[in-house]
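Geometric and topological summary
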Amino acid sequence: MAKPIKDVFDPKEFLAKVGGGKTILELPKNQHVFQQGDVADSVFYIQKGKVKLTVVSEQGKEAVVAILEPGQFFGEGCMNGHPLRIATTTTMEDCVITSITKDAMMGAIRDEPKFSQLFMSYLLTRNSRIEEDLIDQLFNSSERRLARLLLLLANFGKEGNPQPISANISQETLAEMIGTTRSRVSYFMNKFRKLGLISYNGHIEVHNSLLSAVLHEKPLLRERD
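The structure presented is a predicted model; accordingly, all values stated were derived computationally and were not measured.

1. Some words on the side chain of Lys 22
By secondary structure assignment, the location of Lys 22 is in strand β1 (residues 22-27). Of the side chains bearing the opposite charge, Glu 13 lies closest to the buried Lys 22, which forms no salt bridge; the N-O distance is 8.9 Å. Separated by 3.1 Å, the side chain of Lys 22 and the backbone oxygen of Lys 17 make a polar contact. Apart from the residues lying within four places of it in its own chain, the contact partners of Lys 22 are Phe 14, Lys 17, Thr 98, Ser 99 and Ile 100.

2. Re the pattern of salt bridges
Between side chains of opposite charge, pairing is possible as soon as their charged atoms come close. A complete count under the given rule lists eight salt bridges for this structure. Among the salt bridges present, the one from Arg 126 reaches Glu 76, with a minimum N-O distance of 3.8 Å. Of the two residues, Arg 126 is situated in helix α3 (residues 113-139) and Glu 76 in the loop between β6 (73-74) and β7 (88-91); the sequence distance between them amounts to 50 residues. The partner of Arg 148 in a salt bridge is Asp 133, with the nearest N and O atoms 2.8 Å apart. Here the residue Arg 148 occupies a position in helix α4 (residues 142-153), and Asp 133 occupies one in helix α3, the gap between them amounting to 15 residues. For Arg 148, a relative accessible area of 17% corresponds to the buried category. For Asp 133, a relative accessible area of 23% puts it in the partly exposed group.

Criteria and cut-off values
- Residues numbered from 1 in each chain as written.
- Predicted model: local features only at pLDDT ≥ 70, side-chain atom pairs only at ≥ 80, totals over all residues.
- Heavy atoms only, no water.
- Helix = DSSP H or I, 4+ residues; strand = E, 2+ residues; numbered from the N terminus.
- Buried < 20%, exposed > 50% of the residue type's maximum accessible area, 1.4 Å probe, protein only.
- Lys, Arg positive; Asp, Glu negative; His and termini not counted.
- Salt bridge = Lys/Arg side-chain N within 4 Å of Asp/Glu carboxyl O.
- Polar contact = N/O pair within 3.5 Å; in protein donor to acceptor, adjacent residues only side chain to side chain.
- Contact = heavy atoms within 4.5 Å.

Dropping the structure here:
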């Protein structure tokens, strides 16, 4: 008698459905998913919307660490033994997010190779991004850091066409992400617009010419603070 064919495991379908240890959260804009200092016992996966990660120092200074998009995980520090959250996560628009308990994550990684591969790919990509961000902060001017950030937010280098940058991402947020002031960001954004590197139309559209300027280190991006 032929054995029944086992259903093919789809990791993204697994993440999109309620199940053992999984909860689907529908959160409005400006809602905290978790806050710095909360107990860390779950990992989250973004199905829809954008989430901002911020950290506050002991002196009360806040910095935006990252902006996460659909297809990305966050809160994975609990898998590495972190008992408390080290950052605050806030929705930047209406979001659909899957919450997965630590035990459910461990089980899926152990039992489902495709899920393990998806999660490992995310971790490696994020690690590379962190290394690139550190190099960017150490060696590049704030103007060049802003140009690189705009390209990343517009998804240059990924499949498909570059995406407009949402108006929800303010100049203050951009300034926090690259470690400069809002006035400097405003100055550079106006400069990029006048040079035809970006345009405004209810959102920010990034043009290929900005990528060319960054790759070839044209003089407009060599100016130091």
